[in-house]
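# Understanding the architecture of this molecule
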Amino acid sequence: MTASALFLREAEVRRGIELLYFGHSHLVRALDDMLAKEGLGRAHQRALYFVARKPGLVISDLLALLGITKQSLSRVIKELEAKGLITMRTGRNDRRQKEVRLTEEGTALEARLFAEMRARMAAAYGDAGQDAVTGFWRVCEGLVPPAERRRIADLQSG
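Let me begin by describing the structure that accompanies this report. (Residues numbered from 1 in each chain as written. Predicted model: local features only at pLDDT ≥ 70, side-chain atom pairs only at ≥ 80, totals over all residues. Heavy atoms only, no water.)

### A short note on the nonpolar core
- Residues Leu-48, Leu-62, Leu-80 and Ile-86 are the most contacted members of the largest nonpolar core, which totals 25 residues.
- For this core, the secondary-structure elements that each account for two or more residues are α3 (42–53), α4 (59–66), α5 (70–82), β3 (98–102) and α6 (104–128).
- The biggest single contributor to this core is α3, with five residues.
- Not counting residues up to four positions away in its chain, the partners in contact with Leu-48 are Leu-80, Leu-85, Ile-86, Leu-102, Leu-109, Glu-110 and Leu-113. (Core = buried A, V, L, I, M, F, W, Y, C linked by side-chain atoms within 4.5 Å. Buried < 20%, exposed > 50% of the residue type's maximum accessible area, 1.4 Å probe, protein only. Helix = DSSP H or I, 4+ residues; strand = E, 2+ residues; numbered from the N terminus. Contact = heavy atoms within 4.5 Å.)

Set out below in structure tokens:
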């Protein structure tokens, strides 16, 4: 289906919101069984994903990326650490900070989770085509406040 030339009308905006919601929902739902087998949930997967993207990420940066409360992140980190999926160490630049890294087991689990997401995204990207993918990236980036876009760009350099 092609977007109407009147793509800013309410019906088109609502369709975009719905597709974004349902697309994301199905993408993350695909991981639920794998996560449940590990006794983990979606918050754990998100933390694993970003630690994999930026090994040595400090807790404050992970908190900013995830946009969750300190209390929620603390619970997730403790559970991942207890399961041997992450390690914490004192920051190299600031001893008050804690750096997070995946263990070998954490790396393997994150790779399995990512493989499932990658397969789904690659299929959707392949169906949509290069121009649509670029447009999708631009739309998603446009939803992120400009002051926060640097965090996303920094992930690409990791």
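### Details of a nonpolar patch on the surface
- On the surface, a nonpolar cluster with roughly 520 Å² of combined accessible area is contributed by Leu-20, Phe-136, Trp-137, Val-139 and Leu-143.
- Among the elements that take part in the nonpolar patch, helix α7 (residues 130–143) stands out by supplying four residues, more than any other.
- Following the sequence through the fold, Leu-143 ends up in helix α7.
- When its relative accessible area of 58% is taken as the criterion, Leu-143 is described as exposed. (Patch = residues over 30% accessible without salt bridge, like charges linked within 9 Å, V, L, I, M, F, W, Y side chains within 5 Å. Areas by Shrake-Rupley, 256 points an atom, 1.4 Å probe, with all protein chains shown as cover. Salt bridge = Lys/Arg side-chain N within 4 Å of Asp/Glu carboxyl O.)

### Notes on α5
- With 13 residues, α5 should reach 18 Å at 1.5 Å per residue; the first-to-last C-alpha distance of 18 Å fits that figure.
- By the burial criterion, the buried members of α5 are Leu-73, Val-76, Ile-77 and Leu-80. Buried residues in α5, looked at end-on, bunch into an arc of 100°, giving them a common side. Across from the buried face of α5, at angles greater than 90 degrees, the exposed residues are Gln-71, Lys-78 and Ala-82.
- Contacts from the buried residues of α5 go to α3, α4 and β2 (86–90).
- Directly after α5, the chain includes Gly-84, whose backbone phi takes a positive value near 75°. (Expected span 1.5 Å × (residues − 1). Arc of directions from axis to C-beta.)

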